[in-house]
Amino acid sequence: MAKHHSGPVEMGAPMDYAEHEKTYNFFLSATKYLTLFCVALLISMAAAFFTTMGFFSSLVLFILLNVAGFFFLR
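Everything numeric here is computed off the predicted structure, so don't read it as measured data.

Engineer: What is the right way to look at the overall build of the protein chain in this model?
Structural biologist: Looking only at helices and strands, one finds two helices and zero strands in the protein chain. Across the 74 residues in the protein chain, those meeting the buried criterion constitute 11%. A total accessible area of about 6,700 Å² is found for the protein chain, and carbon and sulfur atoms account for 74% of it.

Structure follows, in structure tokens:
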């Protein structure tokens, strides 16, 4: 049979909530900027393959989209 414990549920070191909050905020920021990078990459690839822009013009578009997105998401 299972033993019933009457002690505290949380055992070990106390939780460091400030560190959890910093980690969560970093995760949200990383997700936001990685999504921006992927969307800019897809738009630039579509512009390169389906229009007559070419590689260098789509590379410039990719850089401009990332810079503009960075300033809008800050």
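That was the structure; now back to the text.
Engineer: Just to check I follow, could you spell out helix 2 (residues 54-73) for this structure?
Structural biologist: Side chains three or four residues apart in an α-helix point the same way, a direct result of the helix having 3.6 residues per turn. With 20 residues, helix 2 should cover 28 Å at 1.5 Å per step; its first-to-last C-alpha distance of 28 Å lies within 8% of that length. When we look at burial in helix 2, the residues that qualify are Ser 58, Phe 62, Asn 66 and Gly 69. One side of helix 2 holds all its buried residues, which, seen down the axis, span an arc of 85 degrees. Among the exposed residues of helix 2, those pointing more than 90 degrees away from its buried face are Phe 56, Leu 64 and Phe 71. Those residues of helix 2 that are buried lie in contact with helix 1 (17-50).

Engineer: Would you take a moment to explain the environment of Gly 54 for this structure?
Structural biologist: Mapped onto the elements of the fold, Gly 54 is located in helix 2. Sequence spacing of Gly 54 and Ser 44 is 10 residues, and the spatial spacing of their C-alpha atoms is 9.9 Å.

Engineer: How do you make sense of the pattern of salt bridges when you look at a structure like this?
Structural biologist: A side chain of one charge can pair with a side chain of the opposite charge when the charged atoms of the two come close. Tallying each qualifying case throughout the model produces one salt bridge. Between Glu 19 and Lys 22 there is a salt bridge, with its nearest N and O atoms 3.6 Å apart. Placement of the pair is Glu 19 and Lys 22 together in helix 1, with a separation of three residues, close to one helical turn. The exposure class of Glu 19 is partly exposed, given its relative accessible area of 38%. Assessed through its relative accessible area of 54%, Lys 22 is described here as exposed.

Engineer: Just checking my understanding: could you explain the side chain of Ser 58 for this structure?
Structural biologist: Among the secondary structure elements, Ser 58 is positioned in helix 2. A polar side-chain atom of Ser 58 sits 3.0 Å from the main-chain carbonyl oxygen of Gly 54. Within the local environment of Ser 58, its side chain forms a polar contact with the backbone oxygen of Phe 55, the two atoms lying 2.8 Å apart. Not counting the four nearest positions on each side in its chain, Ser 58 is found in contact with Ser 44, Ala 48 and Met 53.

Engineer: Sorry, what's going on with the environment of Arg 74 here?
Structural biologist: Mapped onto the elements, Arg 74 comes out in the segment after helix 2. Sequence spacing of Arg 74 and Lys 32 is 42 residues, and the spatial spacing of their C-alpha atoms is 10.0 Å.

Definitions and limits used
- Residues numbered from 1 in each chain as written.
- Predicted model: local features only at pLDDT ≥ 70, side-chain atom pairs only at ≥ 80, totals over all residues.
- Heavy atoms only, no water.
- Helix = DSSP H or I, 4+ residues; strand = E, 2+ residues; numbered from the N terminus.
- Buried < 20%, exposed > 50% of the residue type's maximum accessible area, 1.4 Å probe, protein only.
- Areas by Shrake-Rupley, 256 points an atom, 1.4 Å probe, with all protein chains shown as cover.
- Expected span 1.5 Å × (residues − 1).
- Arc of directions from axis to C-beta.
- Contact = heavy atoms within 4.5 Å.
- Salt bridge = Lys/Arg side-chain N within 4 Å of Asp/Glu carboxyl O.
- Polar contact = N/O pair within 3.5 Å; in protein donor to acceptor, adjacent residues only side chain to side chain.

Nothing here speaks to function; it is geometry throughout.
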